[in-house]
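# Close look at the chain arrangement
Single-letter residue listing:
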2 protein chains.
Amino acid sequence: MSSSGQHVLAVVRRQILSGARAPGEKISEVAVAGELAVSRTPARTALAALEAEGLIEKRKGRGYTVRSISQSDVANAIAVKAALESLAAKTLAERGLNAETDAALCRSIAVTQAMLEGDAPVTEHFETYHEANVLFHETIMRACGNDLIAHAFERIAMLPFAALGALSFEATDPRRERMRLTVGHSQHVIILDALRKRDAGRAEAMMREHSHATMNYGELFSRDLGRAE
Amino acid sequence: MSSSGQHVLAVVRRQILSGARAPGEKISEVAVAGELAVSRTPARTALAALEAEGLIEKRKGRGYTVRSISQSDVANAIAVKAALESLAAKTLAERGLNAETDAALCRSIAVTQAMLEGDAPVTEHFETYHEANVLFHETIMRACGNDLIAHAFERIAMLPFAALGALSFEATDPRRERMRLTVGHSQHVIILDALRKRDAGRAEAMMREHSHATMNYGELFSRDLGRAE
DNA sequence: AGACCCAATTATGGATACAAAATAAACCCT
DNA sequence: AGGGTTTATTTTGTATCCATAATTGGGTCT
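Values in this document were obtained by computation on a predicted structure and should not be read as measured data.

### Quick look at the overall build of chain A
- Along its length, chain A carries 10 helices and 3 strands.
- When the helices and strands of chain A are placed in sequence order, the string is α-β-α-α-β-β-α-α-α-α-α-α-α.
- By residue count, 45% of the 229 residues in chain A fall in the buried class.
- In chain A, 73% of the contacts between residues at least 6 apart in sequence involve partners at least 24 apart.
- Per element, the accessible surface of chain A, about 11,500 Å² overall, is 52% carbon and sulfur.

### Describing the sheet that holds strand 3 (residues 64-66) of chain A
Residue and element names in this part refer to chain A.
- Judged by pairing direction, the sheet is antiparallel, and its 3 strands sit side by side in the order 1-3-2 without closing on themselves. Because the sheet does not close on itself, it has two edges, and the strands there are strand 1 (26-27) and strand 2 (56-58).
- Each of strand 1, strand 2 and strand 3 is contacted by helix 3 (residues 40-53), which is oriented at about 105° to strand 2, the strand it contacts most.

### Description of the sheet that holds strand 3 (residues 64-66) of chain B
Residues and elements named next belong to chain B.
- The strand order across the open sheet built from 3 strands is 1-3-2, with neighbouring strands paired in antiparallel fashion. Edge positions in the open sheet fall to strand 1 (26-27) and strand 2 (56-58), since each of these has one partner strand only.
- Here strand 1 pairs with strand 3 via 2 bridges, running antiparallel. Residue I27 lies in a different strand from strand 3, and its bridge partner there is Y64.
- Sheet strands touched by helix 3 (residues 40-53): strand 1, strand 2 and strand 3. Its angle to strand 2, the strand with the most contacts, is close to 105°.

### Here we look at the relation of the copies chain B and chain A
- With an RMSD of 0.3 Å, chain B superimposes on chain A once it is rotated by 180° and translated 0.0 Å along the axis. In the structure described here, the two chain copies are related by an operation that fits a two-fold rotation axis. Of every C-alpha in chain B, the one belonging to A152(B) sits nearest the axis of rotation, 2.6 Å from it.
- Comparing contact sets, 81% of the residues at the interface of chain B also lie at the interface in chain A, consistent with an isologous, same-surface contact.

### Remarks on the environment of V30(B)
Residues and elements named next belong to chain B.
- On the secondary structure map, V30 appears in helix 2 (residues 29-35).
- Accessibility expressed as a relative area gives 56% for V30, which makes it exposed.
- When the C-alpha atoms of V30 and G63 are compared, they prove to be 9.9 Å apart, with 33 residues separating the residues in sequence.

### Observations concerning the interface of chain B and chain A
- Contacts between chain B and chain A engage 27 residues on the former and 25 residues on the latter.
- Interface of chain B and chain A: buried area, both sides summed, is about 2,100 Å²; carbon and sulfur atoms make up 62% of it.
- At the boundary of chain B and chain A, one finds 2 salt bridges.
- R208(A) is paired through a salt bridge with E204(B); the nearest N and O atoms lie 3.7 Å apart.
- The element contributing the most residues to the side of chain B that touches chain A is helix 4 (residues 71-95) of chain B, with 8 residues.
- Split by residue class, the side of chain B that touches chain A holds 12 nonpolar, 6 polar and 9 charged.

### Concerning empty space enclosed by the protein
- Applying the stated rule across the entire model yields 2 cavities of 30 Å³ or more.
- Within this model, the largest cavity holds a volume of roughly 70 Å³.
- Along the walls of the largest cavity sit A83(A), S86(A), L87(A), K90(A), E204(A), R208(A), A79(B), A82(B), A83(B), R208(B) and H212(B), which together make up its complete lining.
- For the lining of the largest cavity, the elements supplying multiple residues, two or more each, are helix 4 (71-95) and helix 10 (200-221) of chain A together with helix 4 and helix 10 (200-225) of chain B.
- Considering each element in turn, the lining of the largest cavity owes the most residues, 4 residues, to helix 4 of chain A.
- Among the residues making up the lining of the largest cavity, the classes are represented as 5 nonpolar, 2 polar and 4 charged.

### Thoughts on the pattern of salt bridges
- In this structure the tally under the stated criterion is 24 salt bridges over all chains.
- A salt bridge links E29(A) to R40(A), with the shortest nitrogen-to-oxygen separation between them at 3.1 Å. With E29(A) in helix 2 (residues 29-35) and R40(A) in helix 3, this pair connects stretches of sequence that are 11 residues apart.
- Counted as one network, the salt bridges with shared partners bring together E204(A), R208(A), E204(B) and R208(B).

### Comments concerning helix 9 (residues 174-196) of chain B
Residue and element names in this part refer to chain B.
- Taking 1.5 Å of rise per residue, 23 residues should cover 33 Å, and helix 9 covers 33 Å from first to last C-alpha, within 8% of that figure.
- Those residues of helix 9 that sit buried are E177, R180, L181, G184, H185, Q187, H188, I191, L192, A194 and L195.
- Within two residues after helix 9, R198 carries a phi angle of roughly 55°, on the positive side.

### Section: the nonpolar core
- Counting residues in each nonpolar core, the largest one holds 56 residues, and the members touching the most others are L84(A), I140(A), L84(B) and I140(B).
- The residues touching L84(B), leaving out its near neighbours within four places in the chain, are V80(A), L84(A), M141(B), I149(B), A152(B), F153(B) and I156(B).
- Of all hydrophobic cores here, the second largest spans 17 residues; its members include I27(A), A33(A), A49(A) and L55(A).

### Some words on the confidence of the model for chain A
Residue and element names in this part refer to chain A.
- Confidence in the prediction for chain A averages 84 pLDDT; 86% of positions are at 70 or higher.
- Per-element averaging of pLDDT across chain A places helix 8 (residues 159-169) at the bottom with 65 and helix 5 (residues 99-117) at the top with 95.
- Note that residues 218-229 has pLDDT below 50 and, in this model, 12 contacts with residues that lie over four places away or in other chains.

### Let's talk about unusual backbone geometry
- Unlike most non-glycine residues, R198(A) shows phi in positive territory, near 55°.
- Inspection of the secondary structure assignment puts R198(A) in the loop between helix 9 (174-196) and helix 10.

### Quick notes on a positive patch on the surface
- Residues K26(A), R59(A), K60(A) and R62(A) make up a contiguous surface patch of positive charge.
- Among the structural elements, K60(A) can be located in the loop between strand 2 and strand 3.

### A short note on the environment of L47(B)
Residue and element names in this part refer to chain B.
- Relative to the helices and strands, L47 is located in helix 3.
- Put simply, L47 and E29 are 18 residues apart on the chain and 7.5 Å apart in space, counted from C-alpha to C-alpha.
- Apart from the residues lying within four places of it in its own chain, the contact partners of L47 are I27, S28, E29, V32, I56 and Y64.

Definitions and cut-offs
Residues numbered from 1 in each chain as written. Chains lettered and ligands numbered in written order. Predicted model: local features only at pLDDT ≥ 70, side-chain atom pairs only at ≥ 80, totals over all residues. Heavy atoms only, no water. Helix = DSSP H or I, 4+ residues; strand = E, 2+ residues; numbered from the N terminus. Buried < 20%, exposed > 50% of the residue type's maximum accessible area, 1.4 Å probe, protein only. Contact = heavy atoms within 4.5 Å. Areas by Shrake-Rupley, 256 points an atom, 1.4 Å probe, with all protein chains shown as cover. Pairing = 2+ DSSP bridges. Axes fitted to C-alpha atoms, helices over the stretch in contact; angles between N-to-C directions. Least-squares fit on C-alpha atoms with pLDDT ≥ 70 in both. Buried area = accessible area lost by both parts, 1.4 Å probe. Salt bridge = Lys/Arg side-chain N within 4 Å of Asp/Glu carboxyl O. Nonpolar A, V, L, I, M, F, W, Y, C, P; charged D, E, K, R; others polar. 1 Å grid on protein atoms, 1.4 Å probe; cavity = no way out; pocket = protein on both sides within 12 Å on 5 of 7 lines; lining within 4 Å. Points joined across faces, edges and corners; volume = space filled by probe spheres on them. Expected span 1.5 Å × (residues − 1). Core = buried A, V, L, I, M, F, W, Y, C linked by side-chain atoms within 4.5 Å. pLDDT = per-residue confidence, 0-100. Patch = residues over 30% accessible without salt bridge, like charges linked within 9 Å, V, L, I, M, F, W, Y side chains within 5 Å. Lys, Arg positive; Asp, Glu negative; His and termini not counted. Charge placed at Lys NZ, Arg CZ, Asp CG, Glu CD.

See below:
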């Protein structure tokens, strides 16, 4: 797209995800155009893209509103994520790993392994862990041979995932955080083993479990908010 | 929504799906704007939406091109469709059916049941069957309580599905066509039974099988054609 | 006093004009 | 003759203007 349009898109998206724009808040083209000192044209494209991403909703004649995320939205997002990622793992297991994919997954696992073997509080290296985690999941998504999976995944509302990310940062207990990362790491190891052995069923099941694990921690932290699923 | 923009979107989409615009063909804003006698603004929004739908691809500096569908694209689309629809069926089974949903599913099944019990060639009522089929699947999608599933589904490239639809119309053998529809109908009945009994695992498995069945017939037909490219 | 209607403000969709970037081609220089 | 540079054309991104639709608020009529 454009330099200005992409800029507006990035800024408003960050505003929404950071909570600077509260859920239910009204957003109009003229407003964002005025705030960011651009014309209405890039503002329009940005809002259209934001609506496609599911972060904002369109009202018939009264601008856009920031979508509010409910507990069930988070559960729904996790369910879809689990379905798509387990499909990707299954597909990749059926096709088999090539050298680059295997190397990338190994690299990701090596990073988390080294981190967990160290004595330093894992919270200090959270960014590194997050990077390795993203590498693992994106590698499988990209290498599975089904572009539509990633396509569908990218089009899903990322709002619930942002809420989850914010939740992860609220980790207070370092020991529990270490446990959480250890479990995730072990699941990565198991998934890689299943992929190498081309055990599609095992890879699919373990990836589904792994995706759902994220939700379990989510409800663990937001216990006061009530039930999920 | 917009009158002109939506119009352009619908027209160009139909042109692509009908094959009026060949795969690989260049599409530019000015071209469609000129052909449809509209400004570049609605043409741009339409092309952006079309790109989001996956029907066209954007080249950095040389316009858009119609995406070409390969055999594996069809298989990929079916796999994602199966994953999402089986998730929807599972979710709906866990939540349980309400009165309206049950009634809608019953209505869909009643139509196909009546058609298959008659002696008339099923090809004559194909449009009716298709309607009932769409009603069945959309009802489950909408009633499952997870909007993100439908959201992701709608954002998937519909090109492979269009190819499948065209394939279905080329059914030559009436008896085989009747068999195909009978199997599909029976799977609908089984899925409804599983939903009513809140058997999430059975509903999920049967829906996955049902979605994959479409692909099997796709392979069956394309074997004769050989030109699925 | 309540309800309905009309008007005004606001917001969005569309059109045209303008500018910048990129690509392809042609021309010039070595 | 080949390569590099420049130019021109194509394409895209942005701004401003205009028209239309809708909602809200105020006024009037019953």
